[in-house]
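# Breakdown of the fold
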Amino acid sequence: MAEHENYDDFLDEFFRGSSTRTTRLSLPPSTEVPAHPSPHRSVPSSTNSSARSPPQHTSITSPYASAHPSSHRSVPSSTNSSAQSPPQHSSIFSPYASAHPSSHRSVPSSTNSSAQSPPQHSSIFSPYASAHPSSHRSVPSSTNSSARSPPQHTSITSPYASASPSAFSPAPPSRHHYHVPPSTGPSNNPFTHSSSRSPAHDSAVPSAYTSASPSASTPASTSAHHPAYSPTHNPFSNSSSYTWGNPTDSTQDYKPGRKKIRQNMSFLSKRRALPIWPYKSEIIRRIEQSQVVIIEGETGSGKSTQIPQWCLEVENVSKVVCSQPRRIAAISLANRVAHEMGVGVGDEVGYVVRFEHKSSLTTNLKYVTDGILVRQLMTDRSLEAYDVIIIDEVHERRLVTDILIGLIKQILPYRPELRIVIMSATLNKNKFSDFFENCGNLKIPGQIYPIEKIFSPAVIERAAFGEDDQKRYEKYVIQAINVVMEICIMERTQGDILVFVTGRDEIDYICEYLEDLCVTYKDSMGTIDIIPLYGELPYSSQQRIFAKAPKSFQGRISRKCIIATNIAETSITIEGIVFVIDSGKVKLSSVDQKCHMKSLLPVDISKSSAEQRAGRAGRTQPGKCYRLYSQDAYEAMANDTIPEIMRSDLTSVILQLKVMGIDLETFESIDQPNPDQRQLALERLIQLNALDPYHNVTEIGRQMARFPLDAEVSRMLVASKDYSCQNEILTLAAMLSGDRPGSVFVLVGKKKREKAMEARGQFAHPSGDHLTYINVFNHFKANGCREDWCFDKFLNFKILNEASTIHSQLEHIMIELNFLDHNSLRYSSPAKDSNILKAILTGNISQLAQRDPLQPHVGSRQQFITVLDNLKVTLHPSCTLSEYTQYELLCYSSCLKTNARKSYISTVSSINMEWYDEVAGTTGAPSLMKRRAERMHLLSFMTELELSQLFNDFNI
Ligand SMILES: Nc1ncnc2c1ncn2[C@@H]1O[C@H](COP(=O)(O)OP(=O)(O)OP(=O)(O)O)[C@@H](O)[C@H]1O
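Residues numbered from 1 in each chain as written. Predicted model: local features only at pLDDT ≥ 70, side-chain atom pairs only at ≥ 80, totals over all residues. Heavy atoms only, no water.

## Section: the overall build of the chain
- From N to C terminus, the chain includes 30 helices and 25 strands.
- Expressed as a percentage of its 956 residues, the buried residues of the chain come to 61%.
- Pairs at least 24 residues apart make up 78% of the contacts formed inside the chain by residues separated by at least 6 positions.
- Here the chain has roughly 36000 Å² of accessible surface; of this, 51% comes from carbon and sulfur atoms. (Helix = DSSP H or I, 4+ residues; strand = E, 2+ residues; numbered from the N terminus. Buried < 20%, exposed > 50% of the residue type's maximum accessible area, 1.4 Å probe, protein only. Contact = heavy atoms within 4.5 Å. Areas by Shrake-Rupley, 256 points an atom, 1.4 Å probe, with all protein chains shown as cover.)

The structure is reproduced here in structure tokens:
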């Protein structure tokens with residue numbers, strides 16, 4: 001693999017290297033949309049194109065498809081990993097290997113290799129491996145090959161490795177390589193197991209890692225972990241602004257006068273063992289006494305599952321809502337609590353998240369996302385529907401959570417009986433206490449099970465990795481793979497693994513790599529179920545994380561291994577997770593203060609996030625958290641994540657607040673947004689006609705605010721009525737509501753690439769991505785929403801299926817707004833392409849780009865300049881448009897900076913210049929001439945020759 005700055009570069013090369021990428025065919029003009037596109041096929045004759053060989057396309061007569069030959073790109077997906085050749089790794093390096101004798105294993109040679117092909121490496125060193133005689137593993141020789149070729153390992157001699165040819169064979173490291181914690185001893189060894197102590201432990205081999213929890217291997221009794229029970233801790237001390245919870249006798253569950261709520265008796269003993277249980281009466285008392293109570297309790301102590309149930313016992317309380325930052329948490333908590341109460345989900349306990357709900361009139365305890373509660377506030381300004389509102393995981397400081405907290409503070413004087421509970425394991429107590437004056441504070445000590453935190457020693461920073469992978473991926477990605485291998489091969493403790501990395505690309509890569517390793521090392525690793533988890537996955541796929549690990553087989557431990565983004569960082573309990581591997585990184589989204597470019601760059605997590613990640617272990621049994629960074633790096637981390645309100649796009653939020661009659665300028669929030677960002681969002685809303693020049697909400701703005709979508713997408717929907725293309729824009733909105741609509745095209749390995757490109761060509765529309773997505777969706781529907789059809793067409797069934805669900809939800813709102821009637825979907829004639837593009841342009845009026853006049857060449861390096869902000873951007877590799885064509889004006893739905901040097905536009909369509917002025921006339925957007933003039937002013941440093949060239953280029 002050639003060098004790649006990152007995955008986007010890889011994609012870039014992937015597509016540009018394709019022979020189909022630049023080919024031009026003479027194509028039929030796009031046809032008008034039939035109600036049900038008929039899947040006729042015709043095979044266009046290939047034409048000769050410059051330098052590149054033409055693709056062999058088949059074409060489906062599609063409403064929008066005119067198989068633009070140069071537009072075939074696809075986006076990677078893990079789904080086809082089995083069809084791909086395994087990643088070519090040059091090193092497996094075991095950062096956590098230590099001298100655990102139980103890890104000494106010999107892998108049978110050719111006997112068991114019939115189904116596998118052997119690893120092609122001469123040696124794999126652990127940096128800590130030494131020539132422990134019993135640590136040698138003989139690697140199967142290459143007798144039989146399989147369909148999957150094994151990773152190609154080359155030998156990397158780690159500076160810290162001694163000459164051991166064994167893979168994953170740890171041995172006692174020499175002391176000076178490690179930071180030895182003061183209390184070094186057997187219990188500090190990350191591979192210590194109290195049940196089967198080994199001679200190595202007894203000889204007190206120093207641990208390679210700083211273990212933050214020396215007693216980690218000892219399952220603690222609950223009380224042992226409660227500072228309240230500790231003789232040195234005075235639970236009633238006033239030394240902090242917190243009041244420590246006052247544990248009460250847990251037998252006093254029900255006080256006279258308190259309601260008795262339903263409970264499933266089989267869960268009661270487990271619930272009583274939770275660290276929070278002794279504080280039940282105290283918590284209820286506080287909630288009765290104070291309007292706002294802030295509760296800090298360690299991860300897994302029982303806040304999210306127990307406190308909402310107890311709130312139902314509070315006098316005069318019948319309706320409780322508990323809001324969570326994420327859908328997955330809201331749904332899984334509702335399921336768990338319904339179980340604990342012995343009721344069905346959707347009966348007494350339910351949930352409501354965007355595009356999905358299970359609740360009824362009998363629901364008294366509802367788990368929702370923060371966004372749902374904010375939307376509810378738009379129609380029920382004082383949230384009369386609830387007696388207690390619990391806002392959980394406030395430490396995340398998401399934009400919507402901060403807005404929710406600000407809005408709720410406004411209600412308090414009008415509803416003195418309303419009770420608010422603010423919760424987290426790692427919140428900044430001072431900030432929240434200052435914001436809610438006169439609130440009650442409560443700190444609940446204790447974790448249910450201990451978590452051993454194991455820091456990576458600094459030497460890992462200097463470890464040797466395969467060059468290609470090192471360039472393409474951050475070191476932690478390789479380290480994470482190695483630690484997973486360590487655990488699978490050497491750990492004797494039964495338990496599943498949860499790995500935190502930053503994004504989908506890394507997750508796909510790790511999953512693919514591990515799958516290959518699992519085949520190669522099947523005999524030593526046992527059965528491993530590798531499960532990806534990220535936000536864009538449909539809910540049904542996300543649910544896989546809760547499935548049980550595969551059954552152990554022939555004495556080998558089987559595990560599930562979840563590779564996740566920070567979506568799994570808070571609130572959820574995944575049964576069986578014992579090992580957490582924390583990369584210490586997160587992709588944080590932010591928007592440029594001066595323009596609308598979003599960036600999604602990996603940065604260090606905060607200490608608070610690190611604790612939350614560790615807290616996913618130790619929930620159902622003792623756990624271990626391997627931190628792929630040193631203790632010094634941990635100490636250098638910020639305490640809290642920068643609040644989203646200070647770094648995010650505020651357009652949709654400002655509109656929602658405006659509709660509620662609230663100005664963000666005067667809105668009281670925990671942290672104030674940046675004034676530039678606020679200004680930028682207001683200008684955008686004016687350009688979208690959602691606000692008038694005096695910042696009053698227009699009728700269009702009100703209609704836009706009804707849709708739970710980004711402002712740009714909801715503006716398209718509103719405009720669709722003017723251009724008589726409601727059905728098409730409804731489809732597009734459904735497709736765009738996933739984070740990466742480009743992923744609908746599955747990326748496959750080299751062998752199938754031609755076929756995939758050909759399939760993609762059947763849907764490609766010459767105007768670009770927007771109409772291509774509509775086209776894909778229409779064909780999906782016309783073919784009965786079938787998974788096998790998607791498979792044949794290299795389309796992502798899950799994404800299309802989810803778009804189909806969202807389509808139905810949005811359709812309801814369209815009907816409510818009188819934008820559609822029930823019959824129009826069935827009987828309406830297809831809209832004209834030009835009308836659809838004008839509606840798209842209306843929503844993206846601020847998101848336009850033109851060819852860079854200073855770099856007029858076309859081709860893979862063709863650059864564009866955004867009209868509004870003069871930013872240099874290139875087409876994202878997932879785009880349908882060809883970079884070999886000169887386009888007059890492009891309209892894009894997303895502009896993203898993925899690394900320090902590269903900015904991409906994606907979901908892009910080509911737009912006629914005249915349409916701009918027509919659409920701008922109906923909106924508050926300045927004319928293109930004015931924008932150009934502004935830009936010319938900025939380019940005043942240009943020479944006369946360059947200027948005249950520019951004038952020529954743009955017909956000025
Ligand atoms: N789905 C589940 N399966 C098994 N046990 C669970 C489940 N959900 C919760 N538990 C148990 O209940 C305990 C408390 O979970 P809960 O979510 O209430 O903790 P929490 O204090 O809110 O943690 P966090 O701050 O991490 O969200 C867990 O530690 C676990 O032991």
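Still to come is the rest of the account.
## Quick notes on the packing of aromatic side chains
- One pass over the full model with this rule turns up 8 aromatic pairs.
- Summarising the aromatic geometry, the rings of Phe777 and Phe780 are spaced 6.5 Å apart at their centres and angled 50 degrees between planes, so their arrangement reads as tilted. One end of the pair is Phe777 and the other is Phe780, both in helix 23 (residues 769–782) and 3 residues apart, which spans about a single turn.
- Linked through ring pairs, Phe455, Tyr629 and Tyr634 together constitute an aromatic cluster. (Phe/Tyr/Trp six-rings, centres within 6.5 Å; stacked < 30°, edge-to-face > 60°.)

## Points about the site of the ligand
- Taken together, 18 residues form the shell around the ligand, and within it Lys303, Ser304, Thr305, Arg616 and Arg619 come nearest.
- Here an oxygen atom of the ligand sits 3.1 Å away from a polar atom, N or O, in the main chain of Ser301.
- Burial of the ligand by the protein chains amounts to 92% of its free accessible area of 630 Å².
- At 3 residues, helix 5 (residues 303–311) tops the list of elements feeding residues into the shell around the ligand.
- Class assignment for the residues of the shell around the ligand results in 2 nonpolar, 9 polar and 7 charged. (Near = heavy atom within 4 Å. Polar contact = N/O pair within 3.5 Å; in protein donor to acceptor, adjacent residues only side chain to side chain. Nonpolar A, V, L, I, M, F, W, Y, C, P; charged D, E, K, R; others polar.)

## Quick look at the sheet that holds strand 6 (residues 349–353)
- With mixed pairing, 8 strands are arranged side by side in an open sheet as 7-6-8-5-9-10-4-11. With partners counted over all chains shown, the strands left at the sheet margins are strand 7 (356–358) and strand 11 (440–444), one partner each. With direction set aside, neighbouring strand axes in the sheet form an average angle of 20 degrees.
- Here helix 4 (residues 280–289) sits on the sheet and contacts strand 4 (292–297), strand 10 (419–424) and strand 11; the angle it forms with strand 11, its principal contact strand, is near 165 degrees. (Pairing = 2+ DSSP bridges. Axes fitted to C-alpha atoms, helices over the stretch in contact; angles between N-to-C directions.)

## So, the environment of Leu680
- On the secondary structure map, Leu680 appears in helix 18 (residues 675–687).
- In sequence terms Leu680 and Leu650 are 30 residues apart; their C-alpha atoms lie 8.4 Å from each other.

## Regarding the pattern of salt bridges
- In the structure shown here, the tally under the stated rule is 28 salt bridges.
- When the shortest N-O distance is used, the salt bridge between Asp604 and Lys585 registers 2.6 Å. With Asp604 in strand 18 (residues 598–604) and Lys585 in strand 17 (residues 585–591), this residue pair connects regions lying 19 residues apart in the sequence.
- Close ionic contact of Arg627 with Glu611 constitutes a salt bridge, the shortest N to O distance being 3.1 Å. Of this pair, Arg627 sits in strand 19 (residues 623–627) while Glu611 sits in helix 15 (residues 607–614), and the two are 16 residues apart along the sequence.
- The structure contains a network of salt bridges with shared partners spanning Arg397, Asp402, Lys431 and Asp671. (Salt bridge = Lys/Arg side-chain N within 4 Å of Asp/Glu carboxyl O.)

## Focus: unusual backbone geometry
- The phi dihedral of Leu383 falls on the positive side, at around 45 degrees, and the residue is not glycine.
- Turning to its location among the elements, Leu383 is positioned in the loop between helix 7 (370–379) and strand 9 (388–391).
- Residue Leu383 is classed as buried on the basis of its relative accessible area, which comes to 0%.
- Backbone geometry places Arg397, a non-glycine residue, at a positive phi of 50 degrees.
- Examined against the element boundaries, Arg397 turns out to sit in the loop between strand 9 and helix 8 (399–411).
- What makes Arg397 buried here is its relative accessible area of 6%.

## As for the packing of helix 20 (residues 711–722) against helix 21 (residues 726–736)
- For the pair helix 20 and helix 21, interaxial distance at closest approach is 8 Å and the crossing angle is 170 degrees. By the criterion of interaxial angle, the relationship of helix 20 to helix 21 is roughly antiparallel. Note on element contacts: helix 21 touches helix 20 through Gln726, Ile729, Leu730, Leu732, Ala733 and Leu736, opposite Val713, Met716, Leu717, Ser720 and Lys721.
- By residue class, the composition of the contact of helix 20 with helix 21 is 8 nonpolar, 2 polar and 1 charged. (Parallel < 35°, antiparallel > 145°, perpendicular 65-115°, else oblique.)

## Side note on the sheet that holds strand 15 (residues 559–564)
- A sheet is described by the order of its strands in space; here 6 strands give the open sequence 12-19-16-13-15-14, paired in parallel fashion. The outermost strands of the open sheet, each flanked by one partner alone, are strand 12 (451–455) and strand 14 (528–533). When the angles between neighbouring strand axes are averaged without regard to direction, this sheet yields 15 degrees.
- Sheet analysis places strand 14 next to strand 15, joined by 6 bridges and oriented parallel.

## Notes on the packing of helix 21 against helix 27 (residues 833–843)
- For the pair helix 21 and helix 27, interaxial distance at closest approach is 10 Å and the crossing angle is 50 degrees. In this view, helix 21 runs oblique relative to helix 27, as classed from their interaxial angle. Handedness of the crossing formed by helix 21 with helix 27: right-handed. Each of Glu728, Ile729 and Leu732 in helix 21 lies in contact with helix 27, whose residues at this interface are Ile836, Ala839 and Ile840. (Left-handed = near helix turned anticlockwise from the far one by under 90°.)

## Some details on the confidence of the model for the chain
- The pLDDT averaged across the chain works out to 72; a share of 64% of its residues lies at or above 70.
- Across the chain, strand 9 holds the top mean pLDDT of 98, while helix 2 (residues 199–202) sits lowest at 32.
- This model gives residues 459–470 a pLDDT under 50, and the stretch forms 31 contacts once residues within four places in sequence are excluded.
- Two numbers describe this predicted complex: its pTM, 0.68, and its ipTM, 0.98. (pLDDT = per-residue confidence, 0-100.)

## Some remarks on the environment of Gly843
- Considering the arrangement of structural elements, one finds Gly843 in helix 27.
- C-alpha separation for the pair Gly843 and Ala711, spaced 132 residues apart in sequence, amounts to 7.8 Å.

## A short note on the nonpolar core
- Ile389 and Ile422 are the most contacted members of the largest nonpolar core, which has 109 residues in total.
- Those residues in contact with Ile422 that sit more than four places away from it in its chain are Val292, Val293, Ile294, Ile295, Ile391, Val394, Leu427, Phe432 and Phe436.
- Counting residues in each nonpolar core, the second largest holds 40 residues, with Ile307, Val320, Ile390 and Met423 among its members. (Core = buried A, V, L, I, M, F, W, Y, C linked by side-chain atoms within 4.5 Å.)

## Some points on the pairing of strand 8 (residues 365–369)
- Counting buried residues in strand 8 gives 5 out of 5 residues, a clear majority hidden from the surface.
- Across the two faces of strand 8 the burial is the same, with Leu365, Tyr367 and Thr369 and Lys366 and Val368 all buried.
- Inspection of the sheet shows strand 5 (residues 320–324) paired to strand 8 by 5 bridges, in the parallel sense. Following the sheet pairing, Val320 is matched in strand 8 by Leu365.
- Relative to strand 8, strand 6 runs parallel, the two sharing 4 bridges. By the bridge assignment, Val349 is partnered in strand 8 with Leu365.

## Remarks on helix 15
- Counting buried positions along helix 15 gives 8 out of 8 residues, so the element sits mostly inside the fold.
- Buried within helix 15 are the following residues: Lys607, Ser608, Ser609, Ala610, Glu611, Gln612, Arg613 and Ala614.

## Some details on helix 4
- Counting buried residues along helix 4, 7 of its 10 residues qualify, which places the element largely inside the surrounding structure.
- Among all positions of helix 4, only Lys280, Ser281, Glu282, Ile283, Ile284, Arg286 and Ile287 are buried.
- Check the buried side of helix 4 and you find it contacts strand 4, helix 5, strand 10 and strand 11.

## Some thoughts on the side chain of Ser669
- Mapped onto the elements, Ser669 comes out in the loop between helix 17 (651–659) and helix 18.
- The buried category is assigned to Ser669, whose relative accessible area is 6%.
- Not counting chain neighbours up to four residues away, the residues in contact with Ser669 comprise Phe435 and Ile645.

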